[in-house]
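Spelled out, the chains give:
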Amino acid sequence: MPATRRALDLARAAAAAAQHKLARDVVGLDVSEQLALTDVFVIASAPNERQVSAVVEAVEDRLHELGAKPVRREGQREGRWVLLDFGDIVVHVMHSEEREFYDLERLWKDCPPVTLPDEGPPVDGGAAGSGR
């Protein structure tokens, strides 16, 4: 059975939050056919530990607004690979070096991609929609 609508909505919200904090190479994978525990993996990279933490915080804040709380969080202290398990989705925020080394996309290559928003950071300092 493919990923649920709720899982897809959470994945897209997590991806948008990560991208807003300048996460790189954000991808989603529908792992529902392979795993019974979750529907979607969201994978994002950041170039340093501080950025990993910022991305994690943004994702948690956004999903909290949608009523989702992490049931498990791992790796926060080291800031190299943080796993956020929200039940329906699992978000992996990885330091770029860990992302390259572990290559999760290769490990889960048989899983279909999830279409995620292609949101970059705001380029106008947040003045979008101000009517200018």
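Small disclaimer: the values here were computed from a predicted structure and weren't measured. Sequence order as written defines residue numbering, which begins from 1 separately in each chain. Predicted model: local features are reported for residues with pLDDT of at least 70 only, side-chain atom pairs are reported and counted for 80 or more only, and whole-chain, interface and lining totals are derived from all residues. The side-chain quantities take in all heavy atoms of the structure and omit both hydrogens and water.

Q: Any chance you could explain the overall build of the protein here in plain terms?
A: Looking only at helices and strands, one finds four helices and six strands in the protein. Helix and strand definitions here come from DSSP, where helices need a minimum of 4 consecutive H or I residues and strands a minimum of 2 consecutive E residues; each element is numbered from the N-terminal end. Listing every helix and strand of the protein by position from the N terminus yields α-β-β-α-β-β-β-α-α-β. The buried label applies to any residue whose accessible area, calculated with a 1.4 Å probe on protein chains only, is under 20% of its type's maximum; exposed applies above 50%, and partly exposed to all values in between. In the protein, which comprises 132 residues, the proportion classed as buried is 42%. Where accessible areas are quoted, they stem from the Shrake-Rupley method and a 1.4 Å probe; at the residue level, only the protein chains shown are allowed to cover. Accessible surface, the protein as shown: approximately 7,800 Å² in total, 49% of it carbon and sulfur.

Q: For this particular structure, what's the right way to read the pattern of salt bridges?
A: When the charged atoms of two side chains with opposite charge come close together, those side chains can pair. Whenever Lys or Arg places a side-chain nitrogen within 4 Å of a carboxyl oxygen from Asp or Glu, that contact is recorded as a salt bridge. Within this structure, the stated rule accounts for eight salt bridges. In this structure, the salt-bridge partner of E49 is R80, at a minimum N-O distance of 2.8 Å. A residue pair is termed long-range when its members are at least 10 positions apart, and E49 in helix α2 (residues 49-65) and R80 in the loop between β3 (72-74) and β4 (81-85) qualify at 31 residues. Residue E49 is classed as partly exposed on the basis of its relative accessible area of 33%. For E105, the salt bridge goes to R99, with nearest N and O atoms at 2.4 Å. In this structure R99 comes out as buried when scored by relative accessible area, which is 9%. Beyond isolated ion pairs, a larger network of salt bridges with shared partners links E49, R80, E97 and E98.

Q: I keep staring at α2 and nothing clicks. Help me out?
A: Owing to its 3.6 residues per turn, the α-helix brings residues three or four apart onto one side. Expected helix span is taken as 1.5 Å per residue step, with the number of steps being one fewer than the number of residues. With 17 residues, α2 should reach 24 Å at 1.5 Å per residue; the first-to-last C-alpha distance of 25 Å fits that figure. The complete set of buried residues in α2 reads V52, V55, V56, A58, V59, E60 and L63. Any pair of residues with heavy atoms lying within 4.5 Å of one another is described as a contacting pair. Next to the buried residues of α2 lie α1 (5-20), β2 (40-46), β3, β4 and β5 (89-95). Polar contacts, as used here, are pairs of N or O atoms within 3.5 Å; protein pairs need one atom able to donate a hydrogen and one able to accept it. Residues neighboring in sequence count only if both atoms are side-chain atoms. With a side-chain oxygen positioned 3.2 Å from the backbone nitrogen of R50, the residue opening α2 is N48. Positive phi shows up at G67, right after α2, with a value of about 85 degrees.

Q: Whenever I open this one, the environment of R24 confuses me. Can you help?
A: Tracing the sequence through the fold places R24 in strand β1 (residues 24-30). On the basis of relative accessible area, R24 is assigned to the partly exposed category, the value being 43%. Distance in space between the C-alpha atoms of R24 and P47 is 8.4 Å, their sequence separation being 23 residues. Non-local contacts of R24, meaning those with residues more than four positions away in its chain, are made with A44, S45, P47, S96 and R99.

Fair warning: the whole summary comes from geometry, so function is off the table for now.
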